[in-house]
Amino acid sequence: MSKKRVVHYINQFFAQIGGEEMAHVKPEYREGPLGPGLAFGPAFGDHAEIVGTVICGDSYFNENMEEAKAELLKMIKAAKPDLFIAGPAFNAGRYGVACGAISEAVKNELGIPVLTGMYEENPGADMFKSAVYIVSTRNSAVGMRDAVKKMSALALKMLKDEPIGASSEDHYIPQGIRVNLFEKDRGSKRAVDMLLKKLKDQPYVTEYPMPAFDRVDPQPAVKDIRSAKIALVTSGGIVPKGNPDHIESSSATKYGRYDLEGVNYLSKNRYATAHGGYDPSYANEDPDRVVPVDMMREFEKEEKIGSLYRYFFSTVGNGTAVKNAKAFAEEFSKELIEENVQAVILTST
Amino acid sequence: MRLELGYIHITDIRFGDASKVEDGVLYVNAEEVEALVLRDERITSVKVDMARPGESVRITPVKDVIEPRVKVEGPGGMFPGVISPVDTVGSGKTHVLKGAAVVTTGTIVGFQEGILDMSGVGADYTPFSKTNNLVLVIIPRKGLGSHEHEHAVREAGLKTAVYLGELARELTPDSTEVFETLPLTEGVKQFPDLPRVGYVQMLQSQGLLHDTYVYGVDAKRILPTLMSPTEVMDGAIISGNCVSACDKNPTYVHQNNPIVHDLFARHGKDLNFAAMIITNENVYLADKIRSSDWTSNLCAFLSLDGVIISEEGFGNPDTDLMMNCRKITDKGIKTVVITDEYAGQDGASQSLADAHESADALVTGGNANQVVTLPRMDKIIGSEEYVGIIAGGWDQNKHEDGTITVEIQAITGATSEVGFAHLSAR
């Protein structure tokens, strides 16, 4: 089997052209590995080889990004690579941005696997970590050996079409996507180990950094509730019996829209919950407990509200991804706005 | 309190004329088990079956898993306040049929019952693919309400585990382990230089079908309280739970609580395992506030330096977890929390329903929304009829070739929040 072809991107400094004073150099292509590229050879063994190196000055790339990308892409394409590697850039900011940008461009334009490496605080990391795999390196070239070891291991996995593991397994900067893995130790032991480190004020790594939460500010109060058109929306899973839209009992991927024309209350013979996260007995006994159509009709009659909107919307809020829930609301809110609904009562379970 | 566990290693399970343990093989007389279960008039029929590691067998919908144990010395009996009379357990000597388990299945009670594969990719996600399982397929009387149905199945499983546990009473254990905690002041004197560590176990108590029992008391009705960690080894806490299969604690996991075991493993070496506190996860805000206040106060009263907090279930109890973590941290105590995640099938959504900056040391049991395709099995114990409606399944997730696609949420014990499994996420 012939060796897989790899093209490597480095800047003017690692190509030994010069430092800051040579950062203006334009893209050029050289046959074979160069500088840090030489270190990848032994790790690739018989599987792969760096067939060519593309070089660009950091200033030139960052000041002429579109032209630089186009020129480099042309050179890279001509070398017919199976995989593209950029860097590692460590904590060099403009080099990191260049590595991220050219990797993303190669991935999108040539459709081949790409990877780069840099320090987690390199500005390029934040900009490109969700677009391409960025191996986490130390902040200076002192970490070259370690970086090459990790980058070549990930590169070989990609070339062999092996599944990429979680960020902690394959040493890349987390991409904002949670990936499962089997740890050597069970969870309880990991917890005890983590607590012992915390007690001794030693560094430890949490397995899930706390997210920044979306907080929704309450809307201003409805000015005249007696004339307001109000809609009912629930994540409590109330649906017509038989669950015609097959809304999942957990991790819902859809919602339903159900007509309330002529419906004065939700009869247990016609409605039930599809929700799998709570004891359904009481909801099924009287579905109005979750979607209070009965009270809304009473209020309509007593003119405490203007009217109840003709349809109610329902999904199952049980292990349901926030992304899905947001998408549902964005979709049906359009209808609510078009139909001049002024307020929504959101019920859970 | 000092408890000695004597393990009798079980390597196979077979039907036999007489129930007994011989050379590591558990022989079971099926008629005796049937008769025992059918004493409950709420149950119409029961089929006794077996599943061994590596077999092409799927058990579903799984309700509970229980380890057979027997008390041979010391006060009380197994599952006090439920099967045995109320008495304080956790001291003396207990024999364990290690490697055996009772699994209950049958028609579905709630949406949240599990899949247990003995081989294939699904077996990697459940700890009970490694045990020799006696399976009870239980059919309730027609018209029996779901709460009574759950109760009948729960008791049938416990009674059968006690029946099997009795077979170990006169046996000589293959290995033994001793666990001991001392009263407060003695414990302080014993290891004056070691950090005092506690374990806060949150028990699922969101409501009917989402319940846990402590000495027979519904955990909804407890105030947070202290236990000797050895009490759980004698079945002081049992599951009556229909929360999602992946992250509820089956009775087996309470009996073998891994946090208790792993804290004991470091006890006297790196830490002083001072206390276990149990609290609940009720749905009312007032209950959440009261229980988390009480729990953090107990931690402070006990002068703990560090605490591990474990959750059970997800969503609503994420709030209890964060309240406990925040309030215990506010007392100047270091915390580690264990939970699991619901980050969506693509892993891109936020993982928890609540968060607080004090939860800065977190161990995760993995993303329960991860999708997996389970192979066709030669034998199904129970029924595959429900795999589309249980939590983690969806309409038409069973394919023509017999494979089933589910979220690992549907797999019993996959994302254990007491850290019984090895799965994690980054």
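Rules of the game
Residues numbered from 1 in each chain as written. Chains lettered and ligands numbered in written order. Predicted model: local features only at pLDDT ≥ 70, side-chain atom pairs only at ≥ 80, totals over all residues. Heavy atoms only, no water. 1 Å grid on protein atoms, 1.4 Å probe; cavity = no way out; pocket = protein on both sides within 12 Å on 5 of 7 lines; lining within 4 Å. Points joined across faces, edges and corners; volume = space filled by probe spheres on them. Pairing = 2+ DSSP bridges. Helix = DSSP H or I, 4+ residues; strand = E, 2+ residues; numbered from the N terminus. Contact = heavy atoms within 4.5 Å. Axes fitted to C-alpha atoms, helices over the stretch in contact; angles between N-to-C directions. Parallel < 35°, antiparallel > 145°, perpendicular 65-115°, else oblique. Left-handed = near helix turned anticlockwise from the far one by under 90°. Nonpolar A, V, L, I, M, F, W, Y, C, P; charged D, E, K, R; others polar. Phe/Tyr/Trp six-rings, centres within 6.5 Å; stacked < 30°, edge-to-face > 60°. Buried < 20%, exposed > 50% of the residue type's maximum accessible area, 1.4 Å probe, protein only. Lys NZ or Arg CZ within 6 Å of the ring centre and 35° of its normal. Core = buried A, V, L, I, M, F, W, Y, C linked by side-chain atoms within 4.5 Å. Domains from an automatic or database assignment. Buried area = accessible area lost by both parts, 1.4 Å probe. Salt bridge = Lys/Arg side-chain N within 4 Å of Asp/Glu carboxyl O. Polar contact = N/O pair within 3.5 Å; in protein donor to acceptor, adjacent residues only side chain to side chain.

Undergrad: Which parts of the structure should I look at to understand the layout of surface pockets?
TA: Any empty space left between the atoms is revealed when a probe the size of a water molecule rolls over them. When its volume is computed, the second largest pocket comes out at roughly 710 Å³. What lines the second largest pocket is a set of 30 residues, among which Ser167(A), Ile173(A), Pro174(A), Arg178(A) and Pro209(A) lie closest to the centre.

Undergrad: Whenever I open this one, the sheet that holds strand β16 (residues 217-218) of chain B confuses me. Can you help?
TA: All names here are of chain B. Reading across the sheet, the three strands line up as β16-β15-β18 and stay open at both edges, with antiparallel pairing between neighbours. Edge strands, defined here as strands with exactly one partner in the open sheet, are β16 and β18 (237-241). Sheet topology note: the strand β15 (residues 210-214)/β18 ladder contains five bridges and is antiparallel. Bridging across to β18, Tyr213 finds its partner in Ile238. Packing of helix α3 (residues 146-166) onto the sheet brings it into contact with β15 and β18, and relative to β18 it is tilted by some 145°.

Undergrad: Would you mind showing me how to read the packing of helix α3 (residues 65-78) of chain A against helix α4 (residues 93-110) of chain A here?
TA: For any two helices packed against each other, one specifies the inter-axial angle together with the distance between the axes. All names here are of chain A. Relative to each other, α3 and α4 sit at 55°, their axes nearing to 10 Å. In this view, α3 runs oblique relative to α4, as classed from their interaxial angle. The hand of the α3/α4 crossing is right-handed. Along the contact surface, α3 presents Met65, Lys69, Leu72, Leu73, Ile76 and Lys77, while α4 presents Val97, Ala101, Ile102, Ala105, Val106, Glu109 and Leu110. Classifying every residue of the contact of α3 with α4 by side-chain character gives 10 nonpolar, no polar and three charged.

Undergrad: Sorry if this is basic, but what is going on with the packing of aromatic side chains here?
TA: Going through the model one piece at a time under the given rule, you end up with 20 aromatic pairs over all chains. For the ring pair Phe128(B) and Tyr252(B), a centre distance of 5.1 Å and an interplane angle of 85° mean the geometry is edge-to-face. Of this pair, Phe128(B) sits in the loop between α2 (121-125) and β12 (132-140) while Tyr252(B) sits in helix α5 (residues 251-255), and the two are 124 residues apart along the sequence. The residues Phe128(B) and Tyr252(B) share a single accessibility class, namely buried. One aromatic cluster is present, formed by Tyr9(A), Phe13(A), Phe14(A), Phe61(A), Phe90(A) and Tyr95(A) through successive ring pairs. Sitting over the face of the ring of Tyr27(B), Lys20(B) holds its NZ or CZ atom 5.4 Å from the ring centroid.

Undergrad: Help me out: how do you make sense of the nonpolar core in this one?
TA: Soluble, globular proteins show a tendency: their nonpolar side chains are buried together. Core analysis: the biggest nonpolar cluster contains 56 residues, and Tyr9(A), Phe44(A), Phe61(A), Phe84(A), Ile85(A), Ile102(A) and Leu115(A) have the highest contact counts within it. If near-sequence neighbours (up to four positions away) are discounted, Ile85(A) is found in contact with Val6(A), Val7(A), His8(A), Tyr9(A), Phe40(A), Phe44(A), Leu115(A), Met151(A) and Ala155(A). Formed by 54 residues, the second largest nonpolar core is a distinct cluster that contains Tyr7(B), Val89(B), Val103(B) and Ile381(B).

Undergrad: Even after reading the chapter, I still don't get the domain arrangement of chain A, so can you show me in this structure?
TA: How big an interface is tends to be reported as the loss of accessible area on association of its parts. Taken domain by domain, chain A consists of domain 1 (4-170) and domain 2 (225-347). Taken over C-alpha atoms, the centre of domain 1 of chain A sits 52 Å from the centre of domain 2 of chain A.

Undergrad: Any chance you could explain the interface of chain B and chain A here in plain terms?
TA: Contacts between the two partners involve 75 residues from chain B, matched on the other side by 56 residues from chain A. Surface buried jointly by chain B and chain A totals about 5,200 Å² across both partners, of which 56% is contributed by carbon and sulfur atoms. On the chain B side of the interface with chain A, the three residues burying the most area are Gln350(B), His422(B) and Arg426(B), jointly 17% of the side's total. Our count for the contact surface shared by chain B and chain A stands at seven salt bridges. Note that Asp262(B) is salt-bridged to Arg186(A), the shortest N-O span being 3.1 Å. Counting the contacts that link chain B with chain A gives 40 residue pairs in polar contact (both at pLDDT 80 or more). Elements represented by at least two residues in the side of chain B that touches chain A include exactly α2, α3, α6 (258-266), β20 (306-310), β21 (334-341), β22 (362-367) and β26 (423-425) of chain B. Here the element with the most residues in the side of chain B that touches chain A is α6(B); it accounts for six residues. Here the side of chain B that touches chain A is built from residues that sort into 36 nonpolar, 25 polar and 14 charged.

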